[in-house]
Amino acid sequence: MRNRTKLLLLAAFALAGAACLLFRGPDGTMAAKAPELTDSGALPVQVLFPVSAKPNPGAVGMKPVVFTHKLHESKVQNCETCHHTGDPVPCTTCHTVEGCAEGNFVTLERAMHATNIRQVKNGRTPESCVSCHTKLYSQRKECAGCHSIVKPNHNAQWCAVCHQKVPNMTQEQFAKGVAGKLDPMEGMRLAEATIAARKEVKYADPTKMNYRMVIDSLVDKYEPNYFNHARHIVSVERKIKGNLLAKAFHNSPRVFCKTCHHHTPALATPPKCVSCHNSRIDKKYPGRPPLKAAYHLQCMGCHDGMQVKRPRKTDCTGCHKLRVAQKGD
Amino acid sequence: MENHSIVMPTREKMFNMGPLLKPTLGNIITWILLSVGLVITVIRFTQGIGSVANLDDNQPWGMWIGFDLLCGVCLAAGGYFTTVACYVMGMKHFHSAARPAVLTAFLGYLFVVVALLYDLGHPLRLPYMFFFPGTTSVLFEVGLCVATYLTVLFVEFSVAPCEWLSHRFPWVLKWRTFVNKINILLTIFGVTLSTLHQSSLGSLYLICPGKLHPLWYSPFLPLFFFVSSMVAGASMVIMEGFFAHKGVHNYMDATHLRESDNVVLSFAKAASFILMAYFMLKFIDMLVQNNMHYLFTGYGAWWLVEMLGFVLLPALLYAKGSREGNVRLCQYASMNAVAGIVLNRFNICMIAFNYQLPSAERYFPSIWEILISVFVVTMIVTAYRFIVYHMPILYEHPNFKDEHH
Amino acid sequence: MNRRKFLTFLGSASVASAIATPSTAKASHTFPYYPESYGVLHDTTRCVGCRQCEEACNEVNHLPKPDKPFSDLSVCNTKRRTSATQWTVVNKYNMNGKDVFRKLQCFHCQDPACASACFAKCFQKQPDGSVTYDGTQCVGCRYCMIACPFYAPGFEYNEAWDPLVKKCTFCKPRLDKKQIPGCVEACPMEALTFGRRTDLIKVARARINNNPGKYLDYIYGEHDAGGTAWMVLAPANPKAAPIPPDNPVLAGPEFKQLGLDTHLGNQPMGELTYGALGIVPMIVAFWPVLFGGAYAMTKRREAMHKQALEQTEREAREDIALAVDAAVRKIQETEGEGAADRCRKAMAEALKARETAAKHGEEA
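Residues numbered from 1 in each chain as written. Chains lettered and ligands numbered in written order. Predicted model: local features only at pLDDT ≥ 70, side-chain atom pairs only at ≥ 80, totals over all residues.

With that settled, the discussion passes to the overall build of chain C. Helix and strand counts for chain C stand at twelve helices and nine strands. A compact globule built from 364 residues would reach a C-alpha radius of gyration of about 21 Å, whereas chain C, at 38 Å, exceeds it by more than 25%. Projected onto the principal axes, the alpha-carbon positions of chain C cover approximately 130 × 45 × 40 Å. Burial statistics for chain C: of 364 residues in total, 40% are counted as buried. Sequence separation of 24 or more characterises 62% of the internal contacts of chain C that already satisfy a separation of 6 or more. (Helix = DSSP H or I, 4+ residues; strand = E, 2+ residues; numbered from the N terminus. Rg over C-alpha atoms; globule rule 2.2 N^0.38 Å. Buried ≥ 20, exposed ≤ 12 C-beta atoms within 10 Å, placed from the backbone. Contact = placed C-beta atoms within 7 Å.)

A tally of helices and strands in chain A yields eleven helices and four strands. Residues counted as buried form 14% of the 329 residues belonging to chain A. Considering only contacts within chain A whose residues lie at least 6 apart along the sequence, 55% involve residues at least 24 apart.

A few words now on the domain arrangement of chain C. The assigned domain composition of chain C is domain 1 (31-278) and domain 2 (283-363). Computed from C-alpha atoms alone, the centre-to-centre distance between domain 1 of chain C and domain 2 of chain C is 80 Å. (Domains from an automatic or database assignment.)

What follows concerns the packing of helix H4 (residues 78-88) of chain B against helix H5 (residues 95-119) of chain B. Residue and element names in this part refer to chain B. Remark: H4 packs on H5, axes separated minimally by 8 Å, with the N-to-C direction vectors making an angle of 155°. Compared by their axis directions, H4 and H5 come out roughly antiparallel. Every pair of crossing elements has a handedness; the one defined by H4 and H5 is left-handed. Between H4, through Gly 78, Gly 79, Thr 82, Thr 83 and Cys 86, and H5, the contact on the second element is made entirely by His 95, Ala 97, Ala 98, Ala 101, Val 102, Thr 104 and Ala 105. Here the residues of the contact of H4 with H5 sort into six nonpolar, six polar and no charged. (Axes fitted to C-alpha atoms, helices over the stretch in contact; angles between N-to-C directions. Parallel < 35°, antiparallel > 145°, perpendicular 65-115°, else oblique. Left-handed = near helix turned anticlockwise from the far one by under 90°. Nonpolar A, V, L, I, M, F, W, Y, C, P; charged D, E, K, R; others polar.)

With that settled, the discussion passes to the confidence of the model for chain C. For residues with low pLDDT, the predicted coordinates do not support detailed interpretation. Residue and element names in this part refer to chain C. Confidence along chain C averages 87 in pLDDT terms, with 90% of residues attaining 70 or more. When the elements of chain C are averaged for pLDDT, helix H2 (residues 13-19) gives the smallest value, 40, and strand S9 (residues 230-233) the largest, 96. The ipTM assigned to the predicted complex is 0.90, against a pTM of 0.83. (pLDDT = per-residue confidence, 0-100.)

Listed by partner, the interface residues are 54 residues for chain C and 50 residues for chain B. Put simply, the parts of the chain that give the side of chain C that touches chain B at least two residues each are helix H1 (3-9), helix H5 (113-117), helix H6 (143-147), strand S6 (154-155) and helix H11 (271-335) of chain C. Tallied by class, the residues present in the side of chain C that touches chain B amount to 36 nonpolar, eleven polar and seven charged.

Turning our eyes to something else, we now look at unusual backbone geometry. A cis geometry characterises the amide bond from Arg310(A) onward to Pro311(A), with omega recorded as -5°. With phi around 50°, Cys171(C) is a residue other than glycine that occupies positive phi space. By secondary structure assignment, the location of Cys171(C) is in the loop between strand S7 (165-166) and helix H7 (172-176). The phi dihedral of Lys178(C) falls on the positive side, at around 60°, and the residue is not glycine. Examined against the element boundaries, Lys178(C) turns out to sit in the loop between H7 and helix H8 (182-186).

Right, let's talk about the interface of chain C and chain A for a bit. Between chain C and chain A, the contact holds 20 residues from the first and 14 residues from the second. Listing elements by their share of the side of chain C that touches chain A, those giving two or more residues are strand S8 (192-196) and helix H9 (197-210) of chain C. Per element, the largest residue contribution to the side of chain C that touches chain A is five residues, and it comes from H9(C).

The next thing to look at is the arrangement of the chains. With two pairs of chains in contact overall, the greatest share of contacts is found between chains B and C. The two units chain A and chain B are non-contacting; their minimal C-alpha-C-alpha distance is 28 Å.

Relative to the helices and strands, Arg110(A) resides in helix H3 (residues 108-113). For Arg110(A) and Lys247(A), which are 137 residues apart along the polypeptide, the C-alpha to C-alpha distance reads 25 Å.

Attention now goes to the sheet that holds S8(C). Residues and elements named next belong to chain C. Within the open sheet, the three strands sit side by side as S8-S1-S9. Their pairing is mixed. Across the chains shown, the open sheet's two edge strands, defined by having one partner strand only, are S8 and S9. Averaged over all neighbouring strand pairs, the angle between strand axes comes to 25°, with direction disregarded. Two elements, strand S1 (residues 38-43) and S9, share four bridges in a ladder whose sense is parallel. Paired with Asp 43 across the two strands is Leu 233, which belongs to S9. Against the sheet, H9 touches S1, S8 and S9, its axis set at about 130° to S8. (Pairing = 2+ DSSP bridges.)

As C-alpha cells, this is what we get:
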C-alpha cells in the first residue's frame, strides 16, 4: 500500500508541475504542452545527471545519460526491479557520485554498472543497468550465440551508447542537473531533443561479402566444409530485428563481423583465421586455441548459445563429411 | 620328569612324523587344504593375480593384505609381548610361554612373507627395496622392519632347532650358547622393531584420507595399530594355549602345565587394561575429530558393532575372567578379542576402504583368495605341529634344563 | 593433524619436537619444485565428450584396442575409470542438471602421492612436469594405487610374468621430442590446453574473470593435493550464487558432482605420513634405552631379592646349626660321647632328607 500512495503522490506532483508549465504560457523555445506520462506516472524520457555534492565531479567531460523510462518500464515486471527499495524515487536520491549514507555508500557508478552484485538472501537483489543488460544478452537465444563468444568491450564507444552528448544543454543546466535541482520538465525536453538527434546505423550489406567460404584444414581426414557466410549473417540480423537493446548497442556498421573477426579492425577484407591461429599451439600465447579448436569453439560456441540442436557437437560428419580414401592417397 | 609321554627325538630317531601322517580327521582336512592350496598356487603364479583374485584397480589390496599381512603381523605380536614380559620385565613365571610365543611369532612373520609373495606382482623383486630404497614410503619402513624382525625372530627361535639338531650335530650348540648370551639384546631389538612396524602398518593408510571412512581414518592410526597389536599379542598367546592344550597336550611338561593357567590369567588382566585404553583412545579420537554425526549412518552402526562388541566386550570379559580366576572365560574373551582385531583390520583394509564408491565397484574376495589365506594358515599350523613334535617348545629338554636360569 | 602435533602426542614431546622440526622434514622429504614444468588445463565447459583424446591416447601409446570403437559415445554414460589399458577416459557427469564431460587421467601431481608411497623408487616427478614410472624396479605391491587420491594408476592383474602399474605418462616420449601429448593434440575443442603450469594458471584465471558466471571460481589442482600439473575448470551453477574465489569448502559440492574431491587439502598427500615416519628415529633411539632401563631395574630387583633371600637362608641355617649344636652338647653332657655322635649323624641325615625333599617339591 505504501508503494501505491507514493506512486500516486509522485503522479500528483508531476501533474501539478505540468499544470504550472501550462499556466506559465509559451515562453520557451519548445511548445509546452502536458507530457504524456507513463503508466506509473513517470516522465517518459529523462536525463540522468551525475548527481554529486561537488559542483562538477569527476571527469569534466562526463556526459549525462538519456533514459527512456517509458520503454524500460514496459520491459520489467515490477517497479522494484530498479527501484529496489520499494520507493519510486530517482536513483540519485541515494546513489550519488561519491556515495552517501542513504545509499549504503554504493556509488552512482556502481549502482549503474556493477555486475558483481551480492545476492540478497531475503528480498530483492538490486540490478544495475549493466547487470540487467548483460543478463538479457546472455540469456536470450538470439543474442547468446554471439555473446557467448564476444563480450562487449568496455571502451569509450561502449560508454557513449548511454552517455550521449545532449544538444542544446547549457553549462547552467548541467550544473543544476549535477546539483539535482534541474526542473524535470526541462530535463525531459533536453532528453527529447537528444533522442531526436540520434542517427540510425547502417549495417554492412551481407550480400556484398563473401558468399561462401571453404574451410579445408582437415583435408587429410575430412572433406572441406563449405561455410555459408552470407546466410549466417542474414539469419542473425533477421533474428534481432526490432530488438531495441541490440539496435542501441550495435552501433557500428561492422559490429556483427566482430564476433568471428575479433581482435582485428573491422575491415572489408579481414585477415584469415590461420594468420593468428596456427595449427600448433603457440608457446607465447598458451591461451590462444590452435586453428582446429578455434573453428570449433567459434562455430559450436555460437550454435550452443543460440540453442541450435543440429548437428550434434560430437557428430563430426554433420559438418564435414568423412573423406573416403582414394586410390592416390 | 613326571610326564613320560613326551616323545623326544634321539640320535637314532631324529624324526617323529607319526602324528602328522596318521589318517585322523584333522590330518585329512589338512592334506586336502594343502593340496587345494598348491593347485591355486600353481594357477596364481602361472596365470597372474587376476586369475584367482577379485582385486581390481580400485581395491589393489584385498584379502591377502588385509588378512595375511595386517592380521598376520598383528597376531604374531605375541612374540614381543611375551618376551618383553618374561625377559625384560622379569616375570619369570612366563618362561614356559616364551618359547611357544616366539615360535608362533616366527611362523607368523615367515608366512606373512610367504603370503606377501602371492600378492606381489613381482615376488622375486622383493629385495629391490633394499637396492632402490624409497625412504619416503611407509611401506619401506614396514618392509625393512619386518625383514629385520624376521631375522631377529629366527635367531631367537633358532635355539630350539639347535637343541633338536644337537643330537646329531653337537657343534650347533655353540650357536645356541651365543644366542642365549645375546638374548636380552634380541628381545629389546625385537620390541623396538615391533613398535615400529606394528604402528607403521597403520601409517600405511595415513596417505589416503579420501578413501578410508572418517570413523576409521585418523592421524593416530599408527598408535591404534600399535596398541591393538599388544592386545592381539596377549590374546593370541591365550588362544593359542587353548588350542595347544586341545591338540598337543602331551608335549607339554609339568612346568608348562603348571604355569599355563597363571599365564592366561595374567595376560588376560593385561589385555583387559590395554583394551580399555584402546577403547578410550578410539572413542576420544572419534569425538576429537568431530565424527559423532557419522555414528547415525550405516558405517557408524558398524563402527559401534566393532567398538562395543569386539573391543569393549572382550575387555569386560577379560576383566571378569581374570578377577574370578576363570581360565575358560579368559579363553573365550581372547577369541572375541582376536576376532575384534581381525574385524578392525578388515574394516580398514576392505570394508571402510573406498567407502565412497558405489557398491557395484566395491570388492569382495573370491573363494580362491580366501582359500589361499586358509592355505597359509594351514601351513602355519602344520609347521607349528612339526616343530612341536620335534623340538623342545612346550617342554624343556632334560639336557638343557636349568641352563637359562 | 600435522607432524608436530603427532610427535607431541606420541610422547617424548620435548626431545622429538626439538630434533625433528617440520622444516627439516620438509627439506628431506619433499620433491623439488620445477618452475618450468608443463601442465594441462582441462576446461570442462568446452569438452563435448567426443572421445578423440581417448583414441589418440590409445594410438600414441600403442595400447590394445577396446571392444567398443571410440566412435561409440554411449560408453560415456557409464562411469569408467582409468586402467592399465586405458590411460585416459572421458566420463559424463550430471552437474546441476546439465551434462558435463570430464577427462580422467593421471594428474601428474607436483609432489606425487605415488612417488612418496613407492618403496622401490619407481615414480619420479620430472622437471618437465610429468610423473614417470620405471617398471624395471617395480615390485608390484600396488601401494601407489592405494596412495593415489585420483584413482589413476591401473595394474595388469592378468599378466603372470611381468605385471606392471600403468598410467598416463604425460606422453613423456613425445614431450622429449618437443611434441605435445596425444590427447591434447587430438582435442577438437581446446578443452585441453597445454603449456607451462604457471602460464596455465594465468590462462585459467583470465577465463574465469572474462566470463563472469560461466566458471566456478576455483582451479581444481592449483593447490589440491599439493598442486597438480593437470588442472580442471568447471562450469558454475547458473542457479546458485557465485562462490567466493578459491574456496575448497564451498566449491566442494560442485566438484563432487564432477567426481573430484576438493577436501584433499593443500599439502602433498605424502606429508600425511611424514609425521609417522619422523617418529621412527625417535623410537629407534629411545626404545632400547627405555627397555634396557626396565631390564636393568628388573635385574637389580632380582639381585636384591636374591641377596635378601640368601641372608635369610644363611641366618636360618646358622640358627639351626646353633640349635643342633646346643642340643648335641646337652646330650653329650647327659648321655656321653657315643650318644652325641649318633645324634649328630641323625640330625645331619634328617636335614639332608628335608633339603632334597624341598628341592624335589620345587621341581614338581
